[in-house]
Amino acid sequence: MTQAPLPADPHDAEETAPDDPGLPFRQSALDILLRRMRSESDFPALSEAIGAINRIAASDREGVNELSNNILKDFALTNKLLRLANVAFYNQVGGGSISTISRAVVILGFDAVRSIALSLILFDNLENKAHAQQLKEEFVKLLYAGMLAREMAGKAQVADVEEAFIGAMLHKLGRMLAMFYFPEETALIAHRIAAEGLGDARVSSEVLGVSFENLGIGIARSWGFPDQLVQSMKKLPEGKLRRSAAGADRLRALAGFSNALCEAILDTPDSERGKALAKISGRFGEVVPIGVEQLVEVMEKSMQDIAQFALAVNVNLKQSDFARQASKWAGMRMPAAQGTQAGGADARAAVEAQAALESTMLHEHAPILDGASGAAAPESAPRSSAESQTVLSSGLQDVGNSLIDDNVSINDILRMILEAMYTGMGFDHVVLCIKDGRRNAMCGKFGFGDGVQDLIRAFDFPLTAPADVFLVALQQNADILITDIDDARIATRIPDWYRTRIPARTFALFPIIVRGKAVGLIYADRARPGDISIPERELSLLKSLRNQAVLAIRQSV
């Protein structure tokens, strides 16, 4: 049912709708809409996912590791992101050989992985609605605007190309979210705009109580986007735009240009295309100086890029009116349907090996300290040994490629190793410990898994304590699997700090010994007794990954 306009309250006024100064933007109206959105089961999850990535981006601490770990929590997101990293969209920077999120960050850059993840998170929340096709059409348009902005960032003097991409995508966020969460109201707004010839800011304010623009700005702020990106969402003034020295103004102008071009693509008959381009160029020419010939090249490149994104998320662009029109403007044939592009099958097959990520498995037991017996087999469905081996082998290849690259840091390589173990074996957590020589102690460095920061802080134990299981592994250079920490034959070897701070009942240890000295330890766990077993081939691959850590550390000292 359509929501009636909310009564005005002058005490709530904070801003005005940009195209009608007489309409107050009321925080109370935004609060009411946000409460309605939070009642939808998917909105809290969407907000948490985007908010988490923005918090990581704003943090100075271990941003790369936290970003990778956050993405890995979502199997579908991981799968699609790796698929995009390996198709032609990113081939120029090393695509085609990326099997871990950690390496994707190294190759593509933190900001590129962040922008891909944000766009995928938004897209994935359009899947389960009756009007999904309309929403996908809107998303294709916003994604194309982002790709145009990325390609034209230099022309607009915007230094951060990924910020340009996100800014253009967010420019119409309020309208897209209103379509998703308030479809009846959005349909009424569209009808009134067409029938009465009014601006969308005025009509959306009257119907929703807040304009599309201010709805998007309010939500972007609640999601933790930086102020410069939020400011880029504001509607531009009418008429010819003037160049500004302020970075926020340039970002806003670029976002406005990209979205104006997308609106023209969708709404302009073929015969009027030249006039539409002339009008856009006249308005934006000073802030985004680009000739028609260069613009066509940018549009063609962006169309190729969006085709790769569509392949990764299973969208058939031939069913998109916008994509068909954009292809005409770029002077291209429509991109091939999903799954038929050259190289697409290979990229899909390479990434589908990551199916091992969300399963639990493990079949046979590796040697266990003091011969502790194996507990009952895990109840979760086992993953095939071939799948586990594929993921571990791909991780080894990632690490091998990185070891010969002088631009890849030791921490990046160690992250790749841990991620390959984590995803390949389905562990709950994997943590890297590094020796603190000043205190003669082993300390947690980084890791993967839910709540892993608590585990990292828990790992801080002296190397001079009685010979517990951790010291045995380090002193004897022994790879150890503890099937059940409460097994009578092993219980006394489990230190008190572990029992009091770590809830896992089964774990594996892989010491890192360099030139005869213990410098680190890789720890991997599962919650229930017996949930870890390691077949011979997988054990060999895990040891090879550990040996790559030894080699990387040896090369760095």
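Please refer to the structure higher up on the page.
Residues numbered from 1 in each chain as written. Predicted model: local features only at pLDDT ≥ 70, side-chain atom pairs only at ≥ 80, totals over all residues. Heavy atoms only, no water.

S.K.: Talk me through helix α9 (residues 173–181); I want residue IDs and the actual numbers.
M.R.: For α9, the buried fraction is high: 8 of the 9 residues fall into the buried class. The set of residues buried in α9 consists of Leu-173, Gly-174, Met-176, Leu-177, Ala-178, Met-179, Phe-180 and Tyr-181. (Buried < 20%, exposed > 50% of the residue type's maximum accessible area, 1.4 Å probe, protein only. Helix = DSSP H or I, 4+ residues; strand = E, 2+ residues; numbered from the N terminus.)

S.K.: Requested: an account of the pairing of strand β8 (residues 517–526), with residues and values cited.
M.R.: Most of β8 is tucked away, with 8 of its 10 residues classed as buried. As defined by bridge partners, strand β3 (residues 429–436) adjoins β8 across 6 bridges and the pair is classed as antiparallel. Counterpart to Val-431 in the pairing with β8 is Tyr-523. Sheet analysis places strand β7 (residues 506–514) next to β8, joined by 9 bridges and oriented antiparallel. Residue pairing for β8: Ala-508 is matched across the bridge by Ala-524. Between β7 and β8, which pair antiparallel one after the other, the connecting turn spans 2 residues, and Arg-515 there sits at a positive phi close to 50°. (Pairing = 2+ DSSP bridges.)

S.K.: Just give me the short version of unusual backbone geometry, but keep the residues and values in it.
M.R.: Phi angles above zero are rare outside glycine, and Gln-157 is one such case at about 60°. Among the structural elements, Gln-157 can be located in the loop between α7 (132–152) and α8 (161–170). On the basis of relative accessible area, Gln-157 is assigned to the partly exposed category, the value being 46%. With a phi angle near 50°, Asn-477 is a residue other than glycine that sits in the positive phi range. By the secondary structure assignment, Asn-477 is in the loop between α22 (469–476) and β6 (480–482). Residue Asn-477 is classed as partly exposed on the basis of its relative accessible area, which comes to 45%.

S.K.: Now, about the packing of aromatic side chains: what can you tell me, with residues and values included?
M.R.: Summed over all chains, the structure comprises 21 aromatic pairs. When the ring of Phe-43 is compared with that of Trp-223, the centres are 6.2 Å apart and the planes differ by 35°; the resulting orientation is tilted. Of this pair, Phe-43 sits in helix α2 (residues 42–58) while Trp-223 is found in the loop between α12 (212–222) and α13 (227–231), placing the two residues 180 residues apart along the sequence. Each member of the pair, Phe-43 as well as Trp-223, is classed as buried. Pairing Phe-123 with Phe-309 gives two aromatic rings, centres 6.3 Å apart and planes at 85°, and the pair type is edge-to-face. Of this pair, Phe-123 sits in helix α6 (residues 110–124) while Phe-309 sits in helix α16 (residues 292–313); the two residues are 186 residues apart in sequence, bridging distant segments of the chain. The exposure classification of Phe-123 matches that of Phe-309, with both residues buried. A network of ring pairs unites the aromatic residues Phe-459, Phe-461, Phe-470, Trp-497, Tyr-498, Phe-507 and Tyr-523 as a single cluster. Between Arg-150 and the ring centre of Phe-165, over which it is positioned, the NZ or CZ distance is 4.4 Å. The side chain of Arg-415 reaches across the aromatic face of Phe-446, ending 4.9 Å from its centre. (Phe/Tyr/Trp six-rings, centres within 6.5 Å; stacked < 30°, edge-to-face > 60°. Lys NZ or Arg CZ within 6 Å of the ring centre and 35° of its normal.)

S.K.: How would you sum up the layout of surface pockets? Please name residues and give values.
M.R.: Looking at the largest pocket, its volume works out to about 900 Å³. Lys-172, Lys-235, Ala-260, Glu-263 and Arg-283 are, among the 26 residues lining the largest pocket, the residues nearest its centre. Put simply, the parts of the chain that give the lining of the largest pocket at least two residues each are α9, α11 (200–208), α12, α14 (247–267) and α15 (273–284). Among the residues making up the lining of the largest pocket, the classes are represented as 10 nonpolar, 6 polar and 10 charged. (1 Å grid on protein atoms, 1.4 Å probe; cavity = no way out; pocket = protein on both sides within 12 Å on 5 of 7 lines; lining within 4 Å. Points joined across faces, edges and corners; volume = space filled by probe spheres on them. Nonpolar A, V, L, I, M, F, W, Y, C, P; charged D, E, K, R; others polar.)

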